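# Chains, contacts and geometry: an overview
Spelled out, the chains give:
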Amino acid sequence: QVQVVQSGGGSVQAGGSLNVSCALSGYTGVGYCMVWFRQAPGKEREGVAGVDMDGTTHYADSVKGRFTISKDNAKNTLYLQMNILEPEDTAMYYCAAEEAQLTGGQCYIDPEYEYMYWGQGTQVTVSS
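Residues numbered from 1 in each chain as written. Predicted model: local features only at pLDDT ≥ 70, side-chain atom pairs only at ≥ 80, totals over all residues. Heavy atoms only, no water.

### Here we look at the packing of aromatic side chains
Stated formally: Any pair of Phe, Tyr and Trp rings, taking the six-membered ring for Trp, is counted once the centres come within 6.5 Å. Such a pair is stacked with planes under 30 degrees apart, edge-to-face with planes over 60 apart, and tilted for the rest. Strands are runs of DSSP state E lasting at least 2 residues, helices are runs of H or I lasting at least 4, and numbering of each runs from the N terminus.
For the coordinates displayed, the defined rule picks out seven aromatic pairs. Arranged with centres 6.2 Å apart and planes meeting at 65°, the rings of Tyr 32 and Tyr 117 form a pair that is edge-to-face. A residue pair is termed long-range when its members are at least 10 positions apart, and Tyr 32 in strand S4 (residues 32-39) and Tyr 117 in strand S10 (residues 117-118) qualify at 85 residues. One aromatic cluster is present, formed by Phe 37, Tyr 94, Tyr 108, Tyr 113, Tyr 115 and Trp 118 through successive ring pairs.

### Comments concerning the sheet that holds strand S3 (residues 18-25)
Applied cut-off: In this analysis, strands are considered paired if DSSP registers two or more bridges between them. A fitted line through C-alpha atoms represents every axis, and for helices the fit uses only the stretch in contact; the resulting angles, taken between N-to-C directions, go from 0 to 180 degrees.
Strands sit in the order S1-S3-S8-S7 across an open sheet of four strands; the sheet is antiparallel. Each end of this open sheet is capped by a strand with a single partner; those strands are strand S1 (3-8) and strand S7 (67-72). With strand direction ignored, the average angle separating the axes of adjacent strands in the sheet is 15°.

### Things to note about the side chain of Ser 21
Which entries qualify depends on this criterion: Polar contacts, as counted here, are pairs of nitrogen or oxygen atoms within 3.5 Å of one another; within protein the pair requires one atom able to donate a hydrogen and one able to accept it, and residues that are adjacent in sequence qualify only if both atoms are side-chain atoms. A contact between two residues is defined here by any heavy atoms of the two lying within 4.5 Å.
Take Ser 21: it is sitting in strand S3. A polar contact is formed between the side chain of Ser 21 and the side chain of Ser 7, at a distance of 2.5 Å. When residues no more than four places from it in sequence are discounted, the contact partners of Ser 21 are Val 5, Gln 6, Ser 7, Trp 36, Leu 78 and Tyr 79.

Shown next, in the form of structure tokens:
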């Protein structure tokens, strides 16, 4: 059974950095899209960053230039380096995954896309 396990996150002051990571387990020999979403209390889920199977990266405008996504396709492990964090980045961060064959290799960060597998969430808190 495919499982999505997240780690990292934590609490920092504004301007600091945090990392979150995500690892798939129990998967068969197939590539997976893996992307980051986040959801703050009272707000809708929003896409944060994703990387296509060909390496093309996608970022929400709000994090562009501050966050860096990377992925090890061989290990199906996803990372997000978050720099110059702002209080507005405070949210629960979720890793989502889907078989790349089902997406055509395009790893959407549209929150309406129904990813099949989800991590448990990792809290990121940024204080001013």
